Amino acid sequence: MSAGRVFAFRDARWAPDPVLAPSAAVRSPQPVPLVIDNGSFQTRAGWAAADPSVPAEPLLRFRSLAARSRGARGGAGAETQVGNDLGSPEPLRWLLRSPFDRNVPVQLELQELLFDHVFQRLGVTSQGCVDHPIVLTEAVCNPLYSRQMMSELLFECYQVPKVSYGVDSLYSFYHNRRQNWPCSGLVISSGYQCTHILPVLEGRLDAKNCKRINLGGCQAAVYLQRLLQLKYPGHFAAITLSRMEEILHEHSYIAEDYTEELQKWRSPEYYENNVHKMQLPFSNKLLGSTLTSEEKQERRQQQLRRLQELNARRREEKLQLDQERLDRLLYVQELLEDGQMDQFHKALVELNMDSAEELQSYINKLSLAIEQTKQKILQAEVNIEVDVVDSKPEIPDLDPLGSEQSLEDVESINEFEPLFAEEQPEVEKPVAAVQPVFNLAEYHQLFLGTERIRAPEIIFQPSLIGEDQTGIAETMQYVLERYPEEQQAVLVQNVFLTGGNAMYPGLKARVQKELLEMRPFQSSFQVHLASSPILDAWYGARDWAVEHMTREEGWITRKDYEEKGGEYLKEHCASNVYVPIRLPKQAPRTAEALAPSRALAASTGNPCEQA
């Protein structure tokens, strides 16, 4: 990248999702499954059909957010917006709600809004129910209560025929399987809220040894926002979470060696060649910054002229009111002079006056005020006519008697010139004043140096943000040490990276470096990156749904839900491990244990028997 290159924030607005018309292949010969990747960052939905006319990609992709406004007073009720209908999240940041706590859905009323949005925009037209099977992703080791509430929502509210639950990272692992790939591996899934280390043995998840790190893209965005707000306090409000997510997605990378990379950034040359300058929006119009002295003088004169006109208008209005009041008072005085005493006293009462002397005093004061106002108006009219004075000074005539000088006078002056040569001041040359140039565009730029690697580094070093957790490398080593060496060697032959944070450049090289440091000398390992870390979970769920469309494996029917409860799970290759709730059985009550209670009942007596 060339030095000095500037990147502009896109600040793209989300386009509302259209209502799609599904093809006939979605309904015939039977309703095809609907695949929903229910992620904490983004929801992706589409159809799983073998027919080539049905797109084999998610038709809906929107943020898993909802905002419910309170509505105007006296107007319409509260309005609810979901996903891309929000337009931009920043103006509604304080209204945004998510159904997820970390990566587990807990607010089912918000989850219902997301499902409504999916079914409506995909064109599900069945009356009173959703007659398509649902393939839904869930969190690793999802709590039974969360699955129970989700099954209750799908079966009771939407009347779905059957549903299947699977883990998003295992679906991605399932989609990226290749020929000669072992069925075992170590899946590293790093998403928006959490990072998981999942060991897979013989094609099944080993849930007992799964580990979770409560760090992901959300914490990295908040950390980057704090770093830049401390660095640029003048742009505190412009450093938003949406822009921080854009920086993470497009300008951040993971250093192979964090300490060594920081040392590189200490070099000015390296800094100039690798710094990314993010341009914040700004306006070129600053008050008085681009006006010349003539324009400022002209603007000042215009303001003065406008003020004078305003004052003159007010004086004229005041003069008119005072003249009308004076005429009224003179009319009352004429009533007194004409001897009409009844009308005179009535007029005095209306004027709130007591005597003729008070009336005469008020007439004198009002006449004086009118004369003063007329004088001010005349003076203002004179002041408005301002003569324009030429700024060029006049050269005074130094010799009014004539410009002719005698030759003797000139020679006498020339004789004294050498004597006063040192006393003559030197003529100073005009020096052009250097005005400091203020680059407004550069002032509104964010220089991204070490911030490009510091924010994503938290998934390897959570202590950077004060979290008392282990990073990916330590957690991966801890998981591997729970297995014998033979199984460790099998797992490291297929270390699989998926999730949104797998999009960071340098993640694969960093994991390879960490494995090289923790594995024995001359041991082998392989690290694979998902073909599409963000969408492979949906693609894998679609592949599974197409292959198992006519099978019973992995599908929970309504009969299963009614007989075994909402927390029931049918396991398959990409699912969690079902651990049913085991309630301790109560021991049968023996005759010896019942004897004290019978004796107590006999002592107290039964009122009915006594009656």
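Residues numbered from 1 in each chain as written. Predicted model: local features only at pLDDT ≥ 70, side-chain atom pairs only at ≥ 80, totals over all residues. Heavy atoms only, no water.

1. Re unusual backbone geometry
Thinking step 1. A cis amide bond links S28 with the next residue in sequence, P29, at an omega value of 0°.
Thinking step 2. Looking at the element boundaries, P29 is found in the loop between β1 (6–8) and β2 (34–38).
Thinking step 3. Despite not being glycine, Q159 shows a phi value in the positive range, around 55°.
Thinking step 4. With respect to the helices, strands and loops of the structure, Q159 is situated in the loop between α2 (144–157) and β11 (162–167). (Helix = DSSP H or I, 4+ residues; strand = E, 2+ residues; numbered from the N terminus.)

2. Describing the nonpolar core
Thinking step 1. I188, L228, I247, L446, M476, V511 and L515 are the most contacted members of the largest nonpolar core, which totals 45 residues.
Thinking step 2. Counting residues per element, this core draws most heavily on helix α4 (residues 217–231), which supplies 6 residues.
Thinking step 3. Setting aside residues up to four positions removed in sequence, L228 forms contacts with I239, M244, I247, L446, L448 and E451.
Thinking step 4. A66, F119, V124 and Y561 belong to the second largest nonpolar core, which has 38 residues in total. (Core = buried A, V, L, I, M, F, W, Y, C linked by side-chain atoms within 4.5 Å. Buried < 20%, exposed > 50% of the residue type's maximum accessible area, 1.4 Å probe, protein only. Contact = heavy atoms within 4.5 Å.)

3. With respect to the environment of I239
Thinking step 1. Within the element layout of this structure, I239 appears in the loop between α4 and α5 (241–251).
Thinking step 2. In this structure, the C-alpha to C-alpha distance between I239 and L280, residues 41 residues apart in sequence, is 8.8 Å.
Thinking step 3. Apart from the residues lying within four places of it in its own chain, the contact partners of I239 are Q225, L228, Q229, Y232, M244 and L446.

4. Some remarks on empty space enclosed by the protein
Take a probe with the size of a water molecule and roll it over the atoms, and the empty space left behind shows itself.
Thinking step 1. One pass over the structure, following the stated rule, counts 2 cavities of 30 Å³ or more.
Thinking step 2. Of the volumes computed, that of the largest cavity is approximately 70 Å³.
Thinking step 3. As for the largest cavity, its lining consists of 13 residues, and the residues nearest its centre are P105, T137, E138, N142 and M150.
Thinking step 4. Counting only elements with at least two residues in the lining of the largest cavity, the list comes to β10 (134–138) and α2.
Thinking step 5. In terms of residue class, the lining of the largest cavity is made up of 6 nonpolar, 5 polar and 2 charged.
Thinking step 6. Roughly 50 Å³ of internal volume is contained in the second largest cavity.
Thinking step 7. What lines the second largest cavity is I188, S190, I459, I472, L497, T498, N501, A502, L507 and V511. (1 Å grid on protein atoms, 1.4 Å probe; cavity = no way out; pocket = protein on both sides within 12 Å on 5 of 7 lines; lining within 4 Å. Points joined across faces, edges and corners; volume = space filled by probe spheres on them. Nonpolar A, V, L, I, M, F, W, Y, C, P; charged D, E, K, R; others polar.)

5. Looking at the side chain of S40
Thinking step 1. Positionally, S40 belongs in the loop between β2 and β3 (42–47).
Thinking step 2. Ignoring any residue separated from it by four or fewer positions in sequence, one finds S40 in contact with S64, F100, R102, N103, Y192 and Q193.

6. Digging into the sheet that holds β2
Thinking step 1. Pairing within the open sheet is mixed, and its 6 strands lie in the order β4-β3-β2-β10-β11-β20. The sheet is open, and its two edges are formed by β4 (60–63) and β20 (556–557), each paired on a single side.
Thinking step 2. Across the sheet, helix α17 (residues 536–547) touches β2, β3, β10 and β11, and the angle it forms with β2 is around 150°. (Pairing = 2+ DSSP bridges. Axes fitted to C-alpha atoms, helices over the stretch in contact; angles between N-to-C directions.)

7. Some details on the UniProt feature "coiled-coil region" (unreviewed entry) in the chain
Thinking step 1. According to UniProt, the feature "coiled-coil region" (unreviewed entry) maps to residues 293–327 and 356–383 in the numbering used here.
Thinking step 2. Across residues 293–327, helical content stands at 100% and strand content at 0%; the span's end C-alpha atoms are separated by 51 Å. (UniProt positions renumbered as here; feature names shortened; annotations may be inferred.)

8. Let's talk about the packing of α4 against α5
Thinking step 1. Where α4 contacts α5, the two axes come as close as 9 Å, and the packing angle between them is 110°. Taken as axis vectors, α4 and α5 run roughly perpendicular relative to one another. Together, G217, A220, A221, V222, L224, Q225 and L228 of α4 and L241, M244, E245, I247 and L248 of α5 make up the contact between the two elements. (Parallel < 35°, antiparallel > 145°, perpendicular 65-115°, else oblique.)

9. Notes on the packing of helix α14 (residues 472–480) against helix α16 (residues 507–518)
Thinking step 1. Contact geometry for α14 and α16: axes closest at 10 Å, N-to-C directions at 50°. Accordingly, the angle class assigned to the pair α14 and α16 is oblique. Between α14 and α16 lies a crossing whose hand is right-handed. Within the contact between the two elements, α14 uses A473, M476, Q477 and L480 and α16 uses V511, E514, L515 and M518. (Left-handed = near helix turned anticlockwise from the far one by under 90°.)

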